[in-house]
Each structure stands twice: as C-alpha cells, then as structure tokens.
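# Close look at the chain arrangement
Now for the letters of each chain:
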Amino acid sequence: MADAPLMAGKSVLVTGGTGGIGKATAIGLAALGARVGITGRDLARTEAAAAGIRAAAGNPAVDAFAADLSVQAGVRRLAAQVLETYPRLDVLVNNAGGFWAHRHVTADGLEHTFALNHLAPFLLTSLLLDSLTTSAPARILTVSSGVHTSGRIDFGDLQGERNYSGQRAHSQSKLANVMFTYELARRLDGTGVTATVLHPGVVRTGFGAEDQTASLAVMIGVARLFMKTPAQGARTPVHLASSPQVEGITGRYFVNRKPKTSSKASYDTAAAARLWQVSADLTATA
Ligand SMILES: NC(=O)c1ccc[n+]([C@@H]2O[C@H](COP(=O)([O-])OP(=O)(O)OC[C@H]3O[C@@H](n4cnc5c(N)ncnc54)[C@H](OP(=O)(O)O)[C@@H]3O)[C@@H](O)[C@H]2O)c1
C-alpha cells in the first residue's frame, strides 16, 4: 500500500493565499495532502484562488476565508471562523504582508504597515494558540524578509507618526516578525508548538504593487527578471510547515530551507519582551 501523503490529516492556515508566496505555499501543502485554508480581503478573489489551488494541487480540501487583516476586528472574525471550521490546527503560516510607500492609517487608527505586517500575525497567533497547543506537535511560521537586517524598532515612533518612510516601516515590521518569533518560541518552550521565521528570497509577486513610488516601480520592474518564481519562494515555508527534518526546531530564522543567523538587533531579548508588551497593549491581548 502507498504511504499516506506527508500532510494527510493536518490542517493548515496560510494568510494571504490569493497570490504570490502564500498561494504557492498553499499549493505545496495541499499537494502534500493537508487541508488548507487561505485568506484574502475579497471573498470572490479568495474563492477563485482556492479553486486554482485545488486544481493545481489535486486536493479538494482548500477553504477560502475573507478578512482584512490590517483591521483587528477582521483578524478576530477570521480567528473565530477558523476555530469553527477546523477541529484542530496543525500549522499557521503568517504570510500576508507587504510594502506601502506612503503612510496609511487603518480603521483602528494604527499605521498600516505595522498593523498588517506585525500586529496581525501577533493577534492571530494569540487567538489561535489554544487550538495549536491542543493539536501539538504544531508549527507557527512567519514570513519575514532579508530586509529585517536594516530594520530598527523605533519605540519612540513605532508608527511613523513623526517621520514615515516606506522602507523604514517595512524593514522595522520585518525585524518585528523575527523578534516576535524568537519571543514566541521562548514562551512556547515545552508546549510542542514551534515558531520559526523565514526569508523567502526575492520573489516575483504582487509585492509592493498597491502603493509604490515611480523610482521603486522602475527598480522592481528591472529586478523582476532575476527574481525567484512564487513556487521557488514557497520552498522554505513548505519545508518548515511539513518536513520531519525540522520537527521540534524552534526560535530559528531560515533562508533557502537552512537555519541562518539573523541580524544582531533581532537577538535583543529585552527589546523583544518590550515589543511583545507594546503589541499586546495595542491588540488588547495582554
Ligand atoms: N516578494 C518578495 O520578494 C518578498 C521578499 C521577502 C518577504 N516577502 C514577504 O512575503 C509575504 C508575501 O508577500 P508576496 O510577495 O507574496 O506579496 P503579494 O503577492 O502582494 O501577496 C500578498 C498577500 O497578502 C494579502 N494581503 C495584502 N493585504 C492584506 C490585508 N490588508 N489583509 C489581508 N490580506 C492581505 C494579499 O491578498 P489580497 O490582495 O487578495 O487581499 C495576498 O494574498 C509578505 O509578508 C512579504 O513581506 C516577500
């Protein structure tokens, strides 16, 4: 008899699964037999992506959830729907995120890049943690970026109220992803739930397309020729979500499926604890 597929019987949630790295990750995990939920802001677009994932992976078990994750009520609604739909949750992939050249403010009055790239994974993880813990061994992955190395957590102006730059907000949020993961791993020690963070590579996706400066659009246009495909960008998240080789590995940063040292700032445990507290206050999860 053939072996069961690697992820048979597992439930996975991938945020931002309508395109790019998230969709390719969902295809990879559905092809390994997982039941996969994807999210996007628009239900029709998310349903269409789910249909594409089912066809590409040859697995009918793909669910679509609509949620704007830059708004905390959207994150809370999504978590409630996921808990209602999946009796167990084995893997959470915090992937949704992006780059915005200009400062935008969410319905909660928070700076958009910080809200979507950092606070949304923080809040969603917190709301799904009991389910992940009861499903242990379980895995939480967060898609960061190599640009975290130029990031700095500016506790005096976390939301760029005094001074906003798209690059600075983005690299700060991606450093926050790494520090959040390391702090989460410390807090989850002994639970059987692991937390890892990754850089997917530079990948040809819709990244940054919603709000670019003209010079950035030209740079990205040229660079697109040399970028990884979404399927190549999904290799590290699929590996971290599914491979027996990384069972039990936690609190690590991965690039090209290998653990790698992240920036010096990312290992600052006092700053990580402070960021955790600020994030808990801003999401009312304290
Ligand atoms: N591409 C790269 O080179 C690269 C490099 C390093 C890291 N990353 C990271 O990889 C992750 C995925 O990016 P990508 O390159 O695949 O970008 P993408 O093609 O733009 O995909 C972004 C995904 O996030 C969703 N999304 C955007 N805003 C959202 C919101 N407010 N609420 C809910 N979902 C939202 C989008 O769904 P809808 O538009 O359908 O709502 C889409 O599914 C991001 O965290 C990014 O920072 C990318």
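As the structure is a prediction and not an experimental result, all values here were calculated from the model. (Residues numbered from 1 in each chain as written. Predicted model: local features only at pLDDT ≥ 70, side-chain atom pairs only at ≥ 80, totals over all residues. Heavy atoms only, no water.)

### Description of the nonpolar core
- In terms of nonpolar packing, the biggest core is built from 33 residues, with Leu13, Leu69, Val82, Leu124, Leu128 and Ile140 touching the most fellow members.
- Secondary-structure elements contributing two or more residues to this core are helix 3 (72-85), helix 4 (112-134), strand 5 (138-143), helix 5 (166-187), strand 6 (193-199) and helix 9 (269-283).
- Looking at which element gives the most residues to this core, the answer is helix 4, with eight residues.
- Filtering out sequence-adjacent residues up to four positions away, Val82 remains in contact with Leu13, Phe65, Leu89 and Leu128.
- Among the nonpolar cores identified, the runner-up in size contains 27 residues, and Ala26, Leu29, Ala57 and Val246 belong to it. (Core = buried A, V, L, I, M, F, W, Y, C linked by side-chain atoms within 4.5 Å. Buried < 20%, exposed > 50% of the residue type's maximum accessible area, 1.4 Å probe, protein only. Helix = DSSP H or I, 4+ residues; strand = E, 2+ residues; numbered from the N terminus. Contact = heavy atoms within 4.5 Å.)

### Re the pairing of strand 1 (residues 11-14)
- Neither face of strand 1 is exposed, since Ser11 and Leu13 on one face and Val12 and Val14 on the opposite face are all buried.
- Handedness of the β-α-β unit built from strand 1, helix 1 (residues 20-31) and strand 2 (residues 35-40) comes out right-handed.
- By the bridge criterion, three bridges tie strand 1 to strand 4 (residues 91-94) in an arrangement that is parallel. Across the sheet, Leu13 pairs through a bridge with Leu92, a residue of strand 4. (Right-handed = clockwise from strand over helix to strand, strands pointing away. Pairing = 2+ DSSP bridges.)

### Comments concerning the site of the ligand
- The environment of the ligand is formed by 29 residues, the closest being Thr18, Arg41, Asn95, Val203 and Thr205.
- Here a nitrogen atom of the ligand sits 2.9 Å away from a polar atom, N or O, in the side chain of Asp68.
- Across the complex, the protein chains shield 93% of the 890 Å² of accessible surface that the ligand would expose by itself.
- Partitioned by chemical class, the residues of the shell around the ligand number 10 nonpolar, 15 polar and four charged. (Near = heavy atom within 4 Å. Polar contact = N/O pair within 3.5 Å; in protein donor to acceptor, adjacent residues only side chain to side chain. Areas by Shrake-Rupley, 256 points an atom, 1.4 Å probe, with all protein chains shown as cover. Nonpolar A, V, L, I, M, F, W, Y, C, P; charged D, E, K, R; others polar.)

### Some remarks on the pattern of salt bridges
- All told, the structure shown has six salt bridges when counted by the stated rule.
- Linking Glu247 and Arg139 is a salt bridge whose minimum nitrogen-to-oxygen distance equals 3.2 Å. Residue Glu247 is located in the loop between helix 8 (235-242) and strand 7 (252-255), and its partner Arg139 is located in strand 5; the two are separated by 108 residues in the primary sequence.
- Using a relative accessible area of 45% as the deciding quantity, one classes Glu247 as partly exposed.
- Arg139 sits in the buried class, given a relative accessible area of 9%.
- Residue Asp154 pairs with Arg152 through a salt bridge whose shortest N-O separation is 3.7 Å.
- Classification of Arg152 by relative accessible area gives exposed; the value is 58%.
- Overlapping salt bridges, with partners in common, bring together Glu183, Arg186 and Arg187 in one network. (Salt bridge = Lys/Arg side-chain N within 4 Å of Asp/Glu carboxyl O.)

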